[in-house]
Amino acid sequence: MSRWFALALILTCSSSSVAAEPGAKPSAAQIEYFENKVRPLLAEHCYSCHGPKKQNAGLRLDNAAGLKAGADNGPVVVPGDPLKSRLMISVRREGDYAMPPKGALPPAAVAVLAEWVKTGAVFPDTQGAVRSVEARDHWAFQPVKLPPVPAIRTSDQIRNPIDSFVLAQLRDSALSQAPIADRRSLIRRAYFDLIGLPPTVAQVEAFEKDSNPLAWERLIDELLASPQYGERWGRLWLDLARYADTKGYVFNQDRNYPYAYTYRDYVVRSFNDDKPYDRFVIEQLAADKLQLGEDTRPLAALGFLTLGRRFLGNTHDIIDDRIDVVTRGLMGLTVGCARCHDHKYDPVPTADYYSLYGVFASTKEPEELPLIGKTERTPQVIAFEKEMEKREAEYEAEITKRHNNAIAKLKDKDAIADYLRAVLDSKGKPNDQLLALLRERDLNRFVFDRWKAYLEKEIKANSPVFKPLIVISAIPERSFASDMAKQISAWEMDSKRAVNPIVLKAMADLKPQTPRAAVEAIAYTIAALPPDKTTTPEQAELFAWNKSSGPLDIPTSDYDKFQNRADRNALAAIKKKLDAFKASSPFAPPRAHVLNDNPAPFQPYIFLRGNQGNRGAQVPRQAPSITAPQRKPFTQGSGRLELAQSIVSPDNPLTARVLVNRVWSGHFGQGLVRTPSDFGTRSDPPTQPELLDWLAVQLVREGWSLKKLHKLIMTSATYQQSSVVSADAFRTDVENKLLSHQNRRRLDFESLRDSFLLVSGKLDLTAGGKPVDLFKAPFSTRRSIYGLIDRTNFPGTMRVFDVANPDQHSPQRFQTTAPQQALFLMNSPFVTEQAIALAARSDVSNAKSNAAKVKALYQMVLARNPTRDELQLAEAFVADNSAKTSFGKWQQLAQILLLSNEFAFVD
């Protein structure tokens, strides 16, 4: 490695993250993991023997004290070391005491316990839980009220009321604000904050020379009007919405969301249009319930709900994910803990969780997604539609063929006999025993239910064909042969013809010795002749079951309810290819991933301990009580629209505060509340509570306009401060909670990559459309927001640069410094490509001298001229030919500047 690249490495890695010191207080993430994953597992598998009623071997696992005390022979958990923890040895069934004793835990459950022990075996002490009445007094659950603006008379650094609130706290701590930053720092800060791109040297110089007092406001207005504003702030919203272009791991289906990009484009467009935030929220929960007129593009907003992980098709986990993204994402309220028990710290009972569960359980995703927007009828689009029609027709024909084959098998005499016997044998059995019976005989529940309903109707109507089933089920098996013979004789002597004569003859000829044989006699008789061959009234009566409205008159649309595994897999493979074609074709007209309400809404009830098979009390669909004290049960379908309206209601104490805090974080690197998706009693308190409420009131008063909120924040002296830290501030407020200066911030991955492309002259500003692979050569030059987000194969580069994990709602990004970041920037073919393009730009290549070339590079990359020392060092570097490399000197110099902290940080 040359000394120049060593210098670049030092520049890139000069900021280092500080590891958090271990403390007694568990993190919010540890508590959330325990409450969502570990506690339900312990409750289901362990509490019966190691809970409040019974403690086998002296071990109690339902509270922190019991876990710490361990069993009679000592501790069972060694925090941080699963291999030494006897609990893990037992659940892995490796020692003398295999647990649970009646059967092994699923591997996924063992993995959850191992991760819990590995990360410290945190077990929140419920004895210290905040009582509900105290929780309701928590600051975040109080109505938002307009606080008075502090009177500050002696400062000339007040640009708007934000500064008065900040200065009041600073003076209480004997601190003062930093001076206003220089013009170059301000314009660079504004550009990155609002559009995620750097200004050019010409833009910097023009702003530095502009003496108009309104120059700063004009600059903000220009950036807010830029189409790149929506791309910058849209990407921040996509973190909250856990956006991805794929479903994650799924069984037998295409894992792509073929039209996920329409949600991303909707978000970008909404930010650019300054769509009022209350409308933005309502559309994302219930766009299908609104009068949209001719422009149906807002239907794509429902991607907020539908584009999450698919959890291997587990409906309960999918709904839990939707509840989480709504409550944490929009209201900063952690509701997920209440899936299994009342929230231990916040006033969120289990009943409120299942009220929300009922809302989303009352919806479905349609097979055919709706078209949105206008599509130009180009030859390519027409060809795509024809190909789709052909493929869909082939798919439907395959479904019809397999459906008909399945119905034919169900009409076989032995199959009919199996279902008739099952209906008789299931009489009086509870649901769990019925399921066991059907599983044992390999019968389908849907088909069984149809036969059962049909037989009940026929027997009630005294059907001559199926009436014998009543007698068959009533005769004891030990005397069946003789009793059945007597009954057949009685029917033969009956002049009223109570039993169909064809059925009667079959039973008389067979002389059944067992109930099974008697049922088979009926089944074989009714399956013996096709319906179109009947000639007598007796025959017509016999085969009425095989006509419309019969038990096996099942439409093709219900085929999925009784497919066997082989057919299901075969059809899934065809559908997977069909969906992959739609996802990959650039000519597929845009559609929206939407939700529709079910015809009849689901009436929710509590799942005791989170177990859907263990029903508790019924609850109405309604908003959480802590967010809507005057709530009423929802009455409009699923209730999604009413839920959305309750979220953006002025009476909701959380929504405006949460949004203001997120926007503030985008301008300062930290929110006024440093736990942006948890405003509950375990959250960090706001550093400026009166300012938070004042901004929340202004947001609502200004019609929920985000652009006005940006401008309000950015025109304050607090925002415009220098990032230079005074000695007093460093000593008394190291985290800058009092805002005595601006925070120096590192560019996120998207801004860094986009800036590389911009200064190299290759950035493609085309907006919208299908995602592109950012890491496959030839490298895309589009903005990073349009990069493919694949949950299953999340790019390692994105992980290294702290891009939000799309598996769940991400309130803020981590800031880490790792060697892999520097290594990528020094060795990545993408970065190399941009360095080569940068050095080849005309301002550099056409310069008449080395000094002019160096100056051009500095202006393009850092938007300034080099200092005298920088110029001399650069000229010496390009003139030094001692090191032989395949990479030109000017390209190396360009890359060194791209890797510099000055390029990667915003002051």
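This is a predicted model, so every value here is computed, not measured.

**A look at the overall build of the protein chain**
When its secondary structure is counted, the protein chain shows 42 helices and six strands. Taking all 907 residues of the protein chain together, the buried fraction comes to 51%. Taking the intrachain contacts of the protein chain between residues at least 6 apart in sequence as the baseline, contacts between residues at least 24 apart amount to 67%. Approximately 42,500 Å² of the protein chain is accessible, and the part contributed by carbon and sulfur atoms is 52%. The centroid of the 118 positive side-chain charges in the protein chain is displaced by 2 Å from the centroid of its 105 negative side-chain charges.

**Points about the nonpolar core**
Within the largest apolar cluster, 172 residues are counted, with the highest numbers of intra-cluster contacts made by Trp237, Tyr263, Phe304 and Leu330. If near-sequence neighbours (up to four positions away) are discounted, Phe304 is found in contact with Trp237, Ala241, Arg242, Tyr263, Gln284, Leu285, Val325, Val326 and Leu330. Core analysis: the next-biggest nonpolar cluster, separate from the first, contains 49 residues, Ala406, Tyr419, Phe466 and Phe562 among them.

**Side note on the pattern of salt bridges**
As enumerated under the stated definition, the model contains 54 salt bridges in all. Linking Arg184 and Glu902 is a salt bridge whose minimum nitrogen-to-oxygen distance equals 3.1 Å. With Arg184 in helix α9 (residues 183-195) and Glu902 in helix α42 (residues 901-904), the pair connects residues that are 718 residues apart, well separated along the chain. Judged by relative accessible area, which is 18%, Arg184 ranks as buried. Taking the relative accessible area as the measure of exposure, Glu902 reaches 26% and is therefore partly exposed. Between Arg328 and Asp324 there is a salt bridge; the shortest N-O distance is 2.9 Å.

**Digging into the side chain of Arg421**
Note that Arg421 resides in helix α19 (residues 413-425). Beyond its immediate chain neighbours, meaning those up to four positions away, Arg421 contacts Arg441, Arg516 and Val519.

**Quick look at the packing of aromatic side chains**
In total, this model carries 36 aromatic pairs according to the counting rule given. Both rings, one in Trp451 and one in Tyr454, keep their centres 6.1 Å apart while their planes meet at 85 degrees; by these two values the pair is edge-to-face. Taken together, the residues Trp451 and Tyr454, both in helix α21 (residues 445-460) and three residues apart, mark about one turn of the helix. Tyr454 matches Trp451 in its accessibility class, with the two residues each being buried.

**A word on the packing of α19 against helix α20 (residues 431-441)**
Two elements in contact, α19 and α20, have axes whose closest approach is 11 Å; the angle formed by their N-to-C orientations is 155 degrees. Accordingly, the angle class assigned to the pair α19 and α20 is roughly antiparallel. For the pair α19 and α20, the sense of crossing is right-handed. Residues Arg421, Ala422 and Asp425 of α19 lie in contact with α20, whose contacting residues are Leu437, Leu438 and Arg441. Its residues assigned to classes, the contact of α19 with α20 shows three nonpolar, no polar and three charged.

**Some remarks on a nonpolar patch on the surface**
Together, Tyr249, Phe251 and Leu312 line one region of the surface with nonpolar side chains, adding up to about 350 Å² of accessible area. The residue Tyr249 is located in the loop between α12 (227-240) and α13 (260-272) in this model. Here Tyr249 falls in the exposed class, since its relative accessible area comes to 56%.

**Digging into the packing of helix α8 (residues 161-172) against helix α30 (residues 689-701)**
The N-to-C vectors of α8 and α30 enclose an angle of 170 degrees; their axes lie 9 Å apart at closest approach. Of the possible angle classes, the one that applies to α8 and α30 is roughly antiparallel. Judged by residue contacts, Pro161, Ile162, Phe165, Val166 and Gln169 of α8 engage Pro689, Glu690, Leu691, Trp694 and Leu695 from α30. Taken together, the residues of the contact of α8 with α30 sort by class into eight nonpolar, one polar and one charged.

**Re unusual backbone geometry**
Residues Met99 and Pro100 are joined by a peptide bond in cis, for which omega reads -10 degrees. Along the polypeptide, Pro100 turns up in the loop between α5 (86-91) and α6 (107-118). Residues Ala777 and Pro778 are joined by a peptide bond in cis, for which omega reads -5 degrees. Here Pro778 is to be found in the loop between α34 (749-760) and α35 (796-800). We note that Leu312 has phi near 55 degrees; this positive angle belongs to a residue other than glycine.

**Focus: helix α28 (residues 640-647)**
Side chains that are three or four residues apart share a direction in an α-helix, a result of its 3.6 residues per turn. The element α28 is largely enclosed, with a buried count of seven among its eight residues. Listed in full, the buried residues belonging to α28 are Arg640, Leu641, Glu642, Leu643, Ala644, Ser646 and Ile647.

**Here we look at the environment of Ala225**
By the element assignment, Ala225 lies in the loop between α11 (215-224) and α12. The spatial distance from the C-alpha of Ala225 to the C-alpha of Asn272 is 7.1 Å, given a sequence separation of 47 residues.

**So, helix α14 (residues 277-286)**
Most of α14 is tucked away, with eight of its ten residues classed as buried. Here α14 has its buried residues at Tyr277, Phe280, Val281, Ile282, Glu283, Gln284, Leu285 and Ala286.

**Let's talk about the side chain of Thr306**
Here Thr306 is to be found in helix α15 (residues 303-306). In terms of polar contacts, Thr306 uses its side chain to reach the backbone carbonyl oxygen of Leu302, at 3.1 Å. For Thr306, the side chain forms a polar contact with the main-chain oxygen of His593, separated by 3.0 Å. Excluding anything up to four places from it in sequence, Thr306 contacts Tyr257, Arg322, Glu365, His593, Val594 and Leu595.

**Let's talk about the environment of Pro213**
Inspection of the secondary structure puts Pro213 in the loop between α10 (201-209) and α11. Accessibility expressed as a relative area gives 78% for Pro213, which makes it exposed. Along the chain, Pro213 and Pro124 lie 89 residues apart, while their C-alpha atoms are 55 Å from each other.

**Looking at the state of the cysteines**
Counted by the stated rule, this structure contains zero disulfides. Take Cys49: it sits in no disulfide, and the sulfur closest to it among the cysteines is that of Cys46, at 8.6 Å. Of all cysteine sulfurs, the one in Cys337 lies closest to Cys340, which takes part in no disulfide; the gap is 9.1 Å.

**Quick word on the environment of Asn63**
Among the secondary structure elements, Asn63 is positioned in the loop between α3 (47-50) and α4 (64-69). In this structure the side chain of Asn63 is engaged in a polar contact, spanning 2.6 Å, whose partner is the backbone nitrogen of Gly66.

**Examining the confidence of the model for the protein chain**
When pLDDT is low, close inspection of the predicted coordinates is not appropriate. Here the protein chain averages 89 in pLDDT, and 95% of its residues register 70 or above. Low pLDDT (under 50) marks residues 1-23, which in the prediction has 31 contacts with non-local residues, meaning those over four places away or in another chain.

Reading the values: rules and limits
Residues numbered from 1 in each chain as written. Predicted model: local features only at pLDDT ≥ 70, side-chain atom pairs only at ≥ 80, totals over all residues. Heavy atoms only, no water. Helix = DSSP H or I, 4+ residues; strand = E, 2+ residues; numbered from the N terminus. Buried < 20%, exposed > 50% of the residue type's maximum accessible area, 1.4 Å probe, protein only. Contact = heavy atoms within 4.5 Å. Areas by Shrake-Rupley, 256 points an atom, 1.4 Å probe, with all protein chains shown as cover. Lys, Arg positive; Asp, Glu negative; His and termini not counted. Charge placed at Lys NZ, Arg CZ, Asp CG, Glu CD. Core = buried A, V, L, I, M, F, W, Y, C linked by side-chain atoms within 4.5 Å. Salt bridge = Lys/Arg side-chain N within 4 Å of Asp/Glu carboxyl O. Phe/Tyr/Trp six-rings, centres within 6.5 Å; stacked < 30°, edge-to-face > 60°. Axes fitted to C-alpha atoms, helices over the stretch in contact; angles between N-to-C directions. Parallel < 35°, antiparallel > 145°, perpendicular 65-115°, else oblique. Left-handed = near helix turned anticlockwise from the far one by under 90°. Nonpolar A, V, L, I, M, F, W, Y, C, P; charged D, E, K, R; others polar. Patch = residues over 30% accessible without salt bridge, like charges linked within 9 Å, V, L, I, M, F, W, Y side chains within 5 Å. Polar contact = N/O pair within 3.5 Å; in protein donor to acceptor, adjacent residues only side chain to side chain. Disulfide = S-S within 2.5 Å. pLDDT = per-residue confidence, 0-100.

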